[in-house]
Amino acid sequence: MRWKEGLLFLIAGCMLTVVVSCGDEEGYAPSYEMGLLDLHTDATGKMVTAMDDLDREWPVVVEGKTFKADTVYRCMAVFVRQENKLEIHQLGSVLTVMPFKWQDELVFHADPVKVQSSWKVNRYINFSLQIPRKQLTHVLGCVDGGIRTMDGGYKKAVVYLYHDAFGDEEAFDATTYMSLPMTYYADSLVAGRDSIAVQISVKDKGWVSYPFPF
């Protein structure tokens, strides 16, 4: 099973990537929910299960779409609970960013963004970002800033948000969800002792540190 992800992500256009049509059956209106899900495909490319951020696994129904086989997609989903399964109606892409080691020949970019919210769950640190943009493609990623041993012996991992806007104008804010997988630090940090600090260049504030327990 592999992740649908990369070191750097391109932000261009609308967030929604899959729209599943709803039926016109009579009856009560369904109760729609929205949340972050890890969606798993089988060997045929069919989405078969979803895991939410409470680590609960559900069978899923996604009509009329196939995806890459044996892949995990991190998505913002609009869905309806149907007995013991989730019926997916919309899927939006989420930046699932493994930090990458910086190379000296690269030029670091930290064009400012806005942070709407941040929160940690068992498997991820999540951010809701607003990217000021107009029409150009932006590149985002997370840079591994190393692990520091602090007073008291605990460790703190540092991550920097990379953002290259390529000089794009600021006509509107595009909401983008970003998830940093905790599996990246599974062999380096100790749960309940160590921490992670995500450093982000925030519009009108400069560099802001967002600390989380590991």
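The sections below set out a description of the structure shown in this document. If you're wondering where the values come from, they're calculated on a predicted model, not measured in any experiment.

About the cut-offs
- Residues numbered from 1 in each chain as written.
- Predicted model: local features only at pLDDT ≥ 70, side-chain atom pairs only at ≥ 80, totals over all residues.
- Heavy atoms only, no water.
- Helix = DSSP H or I, 4+ residues; strand = E, 2+ residues; numbered from the N terminus.
- Buried < 20%, exposed > 50% of the residue type's maximum accessible area, 1.4 Å probe, protein only.
- Contact = heavy atoms within 4.5 Å.
- Pairing = 2+ DSSP bridges.
- Salt bridge = Lys/Arg side-chain N within 4 Å of Asp/Glu carboxyl O.

**Details of the environment of P59**
- Among the secondary structure elements, P59 is positioned in strand β6 (residues 57-61).
- Residue P59 is classed as partly exposed on the basis of its relative accessible area, which comes to 39%.
- In this structure the C-alpha to C-alpha distance between P59 and T49, which are 10 residues apart in sequence, comes to 4.4 Å.

**Things to note about the environment of W207**
- Looking at the element boundaries, W207 is found in strand β17 (residues 206-213).
- W207 sits in the partly exposed class, given a relative accessible area of 46%.
- Between the alpha carbons of W207 and A110 there is a distance of 9.3 Å; along the sequence they are 97 residues apart.
- Sequence-distant contacts of W207, that is, excluding residues within four places in its chain, are made with F108, A110, Y160, L161, Q199, I200 and S201.

**A look at the sheet that holds strand β12 (residues 124-133)**
- Strand order in the open sheet formed by 4 strands is β9-β15-β12-β11, and the pairing between neighbours is mixed. The open sheet has two free edges, formed respectively by β9 (95-96) and β11 (114-120), since each of these has just one partner strand.

**As for the pattern of salt bridges**
- Overall, the coordinates contain 12 salt bridges when judged by the stated rule.
- Notably, a salt bridge pairs R123 with D55, separated by 2.6 Å at the nearest N-O pair. Of this pair, R123 sits in the loop between β11 and β12 while D55 sits in the loop between β5 (47-52) and β6, and the two are 68 residues apart along the sequence.
- Judged by its relative accessible area of 32%, D55 is partly exposed.
- Bridged by salt links that share partners, the residues D38, D53, D55, R74 and R123 form one connected network.

**Focus: unusual backbone geometry**
- Of note in this structure, D70 is not a glycine but carries a positive phi near 50°.
- Note that D70 resides in the loop between β6 and β7 (71-82).
- The backbone of D204 shows a phi angle near 70°, a positive value even though the residue is not glycine.

Read these as layout, nothing more, since geometry by itself doesn't imply function.
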